Structures are given as C-alpha cells and as structure tokens.
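# Summary of structural features
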Amino acid sequence: MSGNVLACRLGSYKQFVETAWTHLPTIGVGHIETAVPTADEAADLRARLDASGLRVSSFQVRLDLSDEGVVVKAGEGFAVCEQFGVDRVFTSVRTPDGSRERAYARLRAIGDAAREHRVIVVIETHPDLATNGDVAAETMRAVDHPNVRVNFDTANIYFYNEGADAVGELGKVLPYVEAVHLKDTRGGVGQFDFPTLGEGVVDFPTVFRLLNERGFVGPFTMELEGTKGVERDEEQIKQHVADSVAYLRRSGCVE
C-alpha cells in the first residue's frame, strides 16, 4: 500500500550483519532498526548511513524498570535519537519486583523524558507488560502517556499466548500501536519457528489494512529470526530477506 515505511532489523542478517548495509538498498528497503549508538559509535553510524543511503526508522534502547536511574539513562538515549532525527524508540520492559504501579510510574516518567526529545517509546510484545492485546491495552491505559505506545510483534502473539491470533490481538490494541515488527510463525506457544514472511500463519494483508485504516503507515520493521536448529549461510540469509520483501509487495502490503 502506498506510503508504508518498510524497514529491516539489522539482526535479521544474523552473523552476516555487515551484508545488510549493501544488500537492503538492492531490494528496495531504505530503513533499518538498530541499537542506539554510544557517543563513540555515533560518527561511524552516520558515515555508514551516508554511504549506504539507508535511514534509521527506529532505535533500540534498553530500559530496566528495576533500575532507579532508568529515567536518566533513558533520557540520554533519547537525546541521541533526537540528534539522528529518529522518533521511534523500541524497547522491551518487565515489571520490577512484581509491582505494576512502580512499572507504570516509571514508564510515565520515561514518557516525559521521551516527550522532551520528541520521541515515542514503543513497547515490544513481550511478557509481562505487553504479552498480548489485553495486557498491552491495560498497560497503555494505566500509563496513560502519549509518548509510551506499543510495538506490535505479529509472531510473538503466538509464541507467548495459547489460542491467540495476530489480527484479533491487534484489534484490542490498535489505537496504541506506533511501530510494528513483521515476523511470521507457523504457530505454537514457545515454538521458535519464524519462517520467511508469507510462509506461516500471520495474515499480513489484514494487519496492514487495519493499521492503514487507522492512519498508521510505519515503521513496519521486518524481524526475521528464522527457525531454531536451521542454519543459513550468507546467500541464504539474503534470500530469506529478499523473499520476505517480495511477499509483502506481492500481497499488496508495500509498494
């Protein structure tokens, strides 16, 4: 669909991550997700982006809600994101010491820091604050901050939940989604089996349609983790990524 921003998480290339910088432009993917750089890494990342023509659509920042200094550390990461002009910050969080209220309060404070740097923190579909649509929606309502939103992972829904499906869970959290991880699965709780997009059970066209109808156009970030026990060489990894992109184009999800 016109206007959708398609990105790829650099980790999709596994040990051949260097290949991503030259391969993604050849298959028409112009955006990446990667870890926020340290001060020492920032210049190198800028040079790589300039040389490849790629852009960062989301940075990953690690946030430990049990850390008393998490808000200050988050702000430092968000400042780097702002310097790069990146407004989506991907993270995964858990409840500290079993206290949901403490988690919500810290996420609210993190949201304030994010707002100062004009970024939105997007929480991954992981236990225990965004395990599924119901849990993620509950967290969003409790935190109640416009700069704390959801990164909806289309395959993690199946990995962590018995009897759930991506479309149904997306509907529960649709107003809060500000980033998406595109990952397919053959289904099964705890089954690390994430094939090429289009080879599993995820209904990607409907996922895109629902989000587009809400006005969301990305970033839609491919996170291609593969299948446990199946090793791919460099050419197979490149084909894995290219075939996933081809499927998304063939199915009308992206141009």
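First, a word on what this report is: a plain description of the structure on this page. Please read all numbers here as calculations on a predicted model, not as lab measurements. Residue positions are given per chain, counting from 1 as you read along its sequence in written order. Given that the model is predicted, a residue must reach a pLDDT of at least 70 before its local features are reported, and side-chain atom pairs must reach 80 or more before they are shown or counted; all residues, however, enter totals for whole chains, interfaces and linings. Each side-chain value is derived from all of the structure's non-hydrogen atoms; neither hydrogens nor water enter the calculation.

## Quick notes on the overall build of the protein
Secondary structure elements are defined from DSSP: runs of H or I of at least 4 residues count as helices, runs of E of at least 2 residues count as strands, and each element is numbered from the N terminus. Assigned secondary structure in the protein consists of 9 helices and 10 strands. C-alpha atoms define the radius of gyration in this analysis, and the globule rule sets the expected value at 2.2 Å times the number of residues to the power 0.38. Since a compact globule built from 255 residues should have a radius of gyration of about 18 Å, the 17 Å found for the protein is in line with a globular shape. Judged by the C-alpha coordinates and their principal axes, the protein covers about 45 × 45 × 35 Å. Classification of the 255 residues of the protein by burial places 55% in the buried group. Any two residues whose heavy atoms approach within 4.5 Å at even a single point are treated as in contact. For the protein, contacts bridging at least 24 residues in sequence account for 77% of all contacts bridging at least 6. Looking at the protein as shown, the accessible area adds up to about 11,000 Å², and 47% of this sits on carbon and sulfur atoms. Looking at charge distribution, the protein has the averaged site of its 27 positive side-chain charges lying 2 Å from that of its 39 negative ones. Here's how the labels work: a residue is buried when its accessible area is under 20% of the maximum for its type, exposed when over 50%, partly exposed in between, all with a 1.4 Å probe on protein chains only. The Shrake-Rupley method, run with a 1.4 Å probe sphere, supplies the accessible areas, and residue values consider only the shown protein chains as cover. Asp and Glu are treated as the negative residues and Lys and Arg as the positive ones, with His and the ends of the chain left uncounted. Taken as the charge location is NZ of Lys, CZ of Arg, CG of Asp or CD of Glu.

## What about the sheet that holds strand 4 (residues 88-91)?
Only strands joined by at least two bridges in the DSSP assignment are considered to pair. Ordered by their spatial adjacency, 8 strands build a closed barrel running 1-2-3-4-5-6-7-9, and the pairing between neighbours is parallel. Geometrically, the sheet is characterised by an average inter-axis angle of 30° between neighbouring strands, direction not taken into account. Between N-to-C directions, angles span 0 to 180 degrees; the directions come from axes that are lines fitted to C-alpha atoms, helices contributing only their stretch in contact. Each of strand 5 (120-124) and strand 6 (148-153) is contacted by helix 5 (residues 133-143), which is oriented at about 170° to strand 6, the strand it contacts most. Along the sheet face, helix 7 (residues 166-173) touches strand 6 and strand 7 (177-182) and points at about 175° away from the line of strand 6.

## Remarks on the side chain of Glu33
With respect to the helices, strands and loops of the structure, Glu33 is situated in strand 2 (residues 31-35). In this structure Glu33 touches Cys8, Arg9, Leu10, Ser58, Phe90, His181 and Thr221, once residues within four positions along its chain are discounted.

## As for the environment of Phe192
Take Phe192: it is sitting in the loop between strand 7 and strand 8 (193-194). Taking relative accessible area as the criterion, Phe192 reaches 35% and is therefore assigned partly exposed. Other than its neighbours up to four places away in sequence, Phe192 contacts Phe159, Glu225, Gly226, Thr227 and Lys228.

## Here we look at helix 1 (residues 17-26)
Here helix 1 has its buried residues at Thr19, Ala20, Trp21, His23 and Leu24. Summarising the contacts, the buried residues of helix 1 are in contact with strand 1 (6-9), strand 2, helix 2 (42-52) and helix 9 (234-250).

## With respect to the side chain of Asn4
Note that Asn4 resides in the segment before strand 1. Residue class for Asn4 comes out buried when judged on its relative accessible area of 12%. Among the polar contacts made by the side chain of Asn4, one reaches the side chain of Asn212 at a distance of 2.8 Å. A distance of 2.8 Å separates the side chain of Asn4 from the backbone oxygen of Cys253, its partner in a polar contact. N or O atoms closer than or at 3.5 Å make up a polar contact, with two conditions inside protein: a donor-capable atom paired with an acceptor-capable one, and, for residues adjacent in sequence, both atoms drawn from side chains.

So yeah, pure geometry; function would need other evidence.
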